[in-house]
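Below are the chains, spelled out letter by letter.
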Amino acid sequence: MTTLIEEAALQARVKAVGQEISRDAQGEPILLLGVLKGAFMFMADLMRQIDGDVTCDFISVSSYVGTTSSGEVQIRKDVDSPLEGRRVIIVEDIVDTGLTLHYLQGILETRHPSSLKTACLLSKPSRRKTTVPVDYIGFEIEDKFVVGYGLDFNEQFRNLPYIAVVEGAS
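Residues numbered from 1 in each chain as written. Predicted model: local features only at pLDDT ≥ 70, side-chain atom pairs only at ≥ 80, totals over all residues. Heavy atoms only, no water.

### Concerning the side chain of Lys-124
For Lys-124, the position within the fold is in the loop between strand E6 (115-123) and strand E7 (136-140). A relative accessible area of 4% means that Lys-124 is categorised as buried. In contact with Lys-124, other than residues within four places in its own chain, are Ile-94, Val-95, Asp-96, Ile-141, Glu-142, Asp-143, Lys-144 and Phe-145. (Helix = DSSP H or I, 4+ residues; strand = E, 2+ residues; numbered from the N terminus. Buried < 20%, exposed > 50% of the residue type's maximum accessible area, 1.4 Å probe, protein only. Contact = heavy atoms within 4.5 Å.)

### Notes on unusual backbone geometry
Of note, the amide linkage connecting Leu-36 to Lys-37 takes the cis form, showing an omega dihedral of 0°. Within the fold, Lys-37 resides in the loop between strand E2 (30-36) and helix H2 (40-49). Here the phi dihedral of His-112 falls at roughly 60°; this positive angle occurs in a residue that is not glycine. Classification of His-112 as exposed rests on a relative accessible area of 52%.

### Some words on the sheet that holds strand E9 (residues 163-165)
Taken in spatial order, the three strands make up an open sheet running E1-E9-E8, and their pairing is antiparallel. The sheet terminates laterally at strand E1 (2-5) and strand E8 (146-147), the two strands that pair on one side only. Bridge count for E8 against E9 is two bridges, and the pairing is antiparallel. Bridge assignment links Val-147 to a residue of E9, and that residue is Ala-164. (Pairing = 2+ DSSP bridges.)

### Brief notes about the packing of aromatic side chains
Given two aromatic rings, one states the distance between the centres and the angle between the planes to describe the pair. Inspection of the entire model under this criterion finds one aromatic pair. Ring centres 5.8 Å apart and planes at 80° place the aromatic pair Phe-145 and Phe-153 in the edge-to-face group. The exposure class of Phe-145 is buried, given its relative accessible area of 13%. Judged by relative accessible area, which is 27%, Phe-153 ranks as partly exposed. (Phe/Tyr/Trp six-rings, centres within 6.5 Å; stacked < 30°, edge-to-face > 60°.)

Any functional reading would require information beyond the geometric quantities listed.
Put into structure tokens, the structure is as follows:
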């Protein structure tokens, strides 16, 4: 593995994204909706950088088999909180093909939040199969398989405090 994004760069960018969200929210309460498992570290750090009333909930979806997106999304754990009338920000670890996020945005819009936005730590625009709006992006990266800071390879490497490229994985 080789380091792609150092820990200090991650923390600086998370702080900047938190400031953007705070500015855009203009003091209104926010519900951060973390997509498990990969987004939990990003969301925890992001939440600490947002000023004002912030709550969190989680949703778990699956669309990967090994290192490849299957294109088929399954909800494994749904949200516990009602979304109607709330300012919701989906927090994703990585937006790759866009299929999972497109599915999630569609499902969550039917629950009538007052606004629905998305924050992602990493974006791979070269891999998009569908156009999806992403309001807050930590970093755009090339098409490499990455781990660390919550992202895994077969449930390993989530604990790395930086983002690394897994050599030979595709």
